[in-house]
Amino acid sequence: MASQLFSVSSAAVTSLRSLRRSSPRPPRSTRASPTRAMASTPPTPAFTLCYFDVMALGLPCGMVAAHSNLQWKGKDRETWDWPTVKAEGKAPFNQLPLLFRTGKRTVAHSTSIVNVIAKMATESNTVANYDGTSNDDDFVVSNMITNEASDIYAALQKGQPTVYVPHGSGGKTDALHAELWGSEGRISLKNHFNCLERLVVDGDKFTSSKTAGEMFLWGMLHQVVLIDQAPFENTPKLKGFYDRVLELPETKAMIDGSSPMGAMTQYFVAGPEQEGK
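Summary of the structure given here. The model shown is predicted, which means the values in this text are computed figures rather than measured ones.

### Here's the deal with the overall build of the chain
Here's step 1: From N to C terminus, the chain includes eleven helices and four strands.
Here's step 2: By the burial criterion, 42% of the 277 residues in the chain qualify as buried.
Here's step 3: At a minimum sequence separation of 6, the contacts of the chain that also span at least 24 residues come to 67%.
Here's step 4: A total accessible area of about 15,400 Å² is found for the chain, and carbon and sulfur atoms account for 53% of it.

### Describing the pairing of strand β1 (residues 47-50)
Here's step 1: Of the two faces of β1, the one lined by Phe 47 and Leu 49 and the one lined by Thr 48 and Cys 50 are each fully buried.
Here's step 2: Pairing between β1 and strand β2 (residues 72-74): three bridges, direction parallel. Across the sheet, the residue bridging to Phe 47 is Trp 72, located in β2.
Here's step 3: Since β1 and β2 lie parallel, the crossover through helix α3 (residues 58-66) that links them has a hand, and here it is right-handed.
Here's step 4: With three bridges joining them, β1 and strand β3 (residues 98-100) adopt antiparallel strand pairing. Looking at the pairing, Cys 50 lines up with Leu 98 of β3.

### Things to note about the pattern of salt bridges
Here's step 1: In total, this model carries seven salt bridges according to the counting rule given.
Here's step 2: Residues Lys 75 and Asp 53 are paired through a salt bridge, measuring 2.7 Å at the closest nitrogen-oxygen approach. Highlighted residues: Lys 75 in the loop between β2 and α4 (82-87) and Asp 53 in the loop between β1 and α3, separated in sequence by 22 residues.
Here's step 3: Using a relative accessible area of 15% as the deciding quantity, one classes Lys 75 as buried.
Here's step 4: With its nearest N and O atoms 3.0 Å apart, the salt bridge here joins Asp 243 to Lys 239. Here the residue Asp 243 and the residue Lys 239 both occupy positions in helix α10 (residues 236-246), the gap between them amounting to four residues, near one helical turn.

### Points about the packing of aromatic side chains
Here's step 1: As enumerated under the stated definition, the model contains eleven aromatic pairs in all.
Here's step 2: Judged by centre distance (5.0 Å) and plane angle (85°), the rings of Phe 206 and Phe 241 are edge-to-face. One end of the pair, Phe 206, is in the loop between α8 (189-197) and α9 (212-227); the other, Phe 241, is in helix α10, and 35 residues separate them in sequence. No difference in accessibility class separates Phe 206 from Phe 241, as the two residues are buried.

### Quick word on the environment of Lys 86
Here's step 1: Here Lys 86 is to be found in helix α4.
Here's step 2: Classification of Lys 86 as partly exposed rests on a relative accessible area of 36%.
Here's step 3: When the C-alpha positions of Lys 86 and Leu 96 are compared, they lie 10.0 Å apart, and in sequence the two are ten residues distant.

### Focus: the nonpolar core
Here's step 1: In this structure, Phe 47, Leu 49, Ile 152, Phe 206 and Leu 217 are the most contacted members of the largest nonpolar core, which totals 67 residues.
Here's step 2: Per element, the largest residue contribution to this core is ten residues, and it comes from α9.

### Focus on the environment of Glu 184
Here's step 1: Mapped onto the elements of the fold, Glu 184 is located in the loop between α7 (174-181) and α8.
Here's step 2: Assessed through its relative accessible area of 68%, Glu 184 is described here as exposed.
Here's step 3: The residues touching Glu 184, leaving out its near neighbours within four places in the chain, are Glu 179 and Asn 191.

About the criteria used
Within every chain, residues take consecutive numbers counted from 1 along the sequence as written. Only residues with pLDDT of at least 70 get local features here, since the model is predicted, and only at 80 or more are side-chain atom pairs given and counted; chain-wide, interface and lining totals rely on the full set of residues. In computing side-chain properties, one takes all heavy atoms of the structure into account and sets aside hydrogens as well as water. By the criteria applied, helices consist of DSSP H or I runs no shorter than four residues and strands consist of E runs no shorter than two, each listed in order from the N terminus. Exposure is judged per residue with a 1.4 Å probe applied to protein chains only, and the accessible area is read against the type maximum: over 50% gives exposed, under 20% gives buried, and values in between give partly exposed. Pairs of residues are marked as contacts when any of their non-hydrogen atoms sit within 4.5 Å. Residue-level accessible areas treat just the shown protein chains as cover; the underlying method is Shrake-Rupley with a 1.4 Å probe. One requirement defines pairing of two strands: DSSP has to find at least two bridges between them. A right-handed crossover is one whose linking path, passing over the helix from the first strand to the second, runs clockwise when the strands point away from the viewer. Here, a salt bridge means any side-chain nitrogen of Lys or Arg that lies within 4 Å of a carboxyl oxygen of Asp or Glu. Note on aromatic contacts: the rings of Phe and Tyr and the six-membered ring of Trp form a pair at centre separations within 6.5 Å, being stacked when their planes are under 30 degrees apart, edge-to-face when over 60 apart, and tilted otherwise. The criterion is simple. A nonpolar core is a set of buried Ala, Val, Leu, Ile, Met, Phe, Trp, Tyr and Cys residues joined through side-chain atoms within 4.5 Å.

Pasting the structure below:
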């Protein structure tokens with residue numbers, strides 16, 4: 001009797017296995033999983049930063065964007081048309097740079113762009129304290145060096161030739177050029193650099209963590225370096241700051257043209273003070 005039961009049970013198991021093998025399997029879903037679909041969808045850029053194809057104010061603003069760790073893009077060089085942008089009223093002051101944000105007001109003026117990107121990065125937590133607001137001293141210093149960078153840019157515009165305006169034209173006189181590279185006067189780069197030197201802390205930093213003001217300033221210092229490194233002669237801490245930021249991957253992308261800003265031509269060029277160097 002036991003052997004009969006065993007025989008029946010074995011036959012039932014065999015039949016069940018055969019039925020499982022012969023039963024059709026449900027077709028696999030061809031729908032992509034939500035996770036896979038999300039992974040393949042490119043992130044929406046937080047903003048678009050537009051400027052001419054020269055360094056000038058493009059490099060400092062680009063540095064702020066590049067170090068924000070936000071997704072961003074530059075202008076589409078195939079379709080961008082500056083006269084049309086102005087004619088359509090998209091530039092609040094008919095000037096570049098411009099920061100476009102989907103569904104929000106367009107931002108003009110470089111220092112305003114610095115503040116907006118810094119706020120976005122801090123609120124998105126892509127860079128902690130990028131606007132300096134978590135530390136009063138960082139906030140003050142970041143804003144001060146942003147404005148100091150603007151003063152350096154204004155000084156260069158007064159006394160240094162550019163790719164568009166040669167020495168001796170547009171008010172770029174011998175006297176202003178000499179003052180720019182001398183040790184005295186309101187536009188003296190050495191005076192500007194000496195003031196910045198006093199603000200550097202911990203050897204090669206201005207703030208306790210990376211801030212937008214530091215990146216904007218670096219973008220202006222680099223343009224001085226491309227012309228003449230003389231102002232760095234008595235500012236070793238400032239030079240240390242410059243050298244440290246130069247080695248960061250985001251900075252290298254800005255310099256080699258692989259960032260969303262693309263390649264940028266040197267704007268300020270050598271003048272009489274640099275002849276023979």
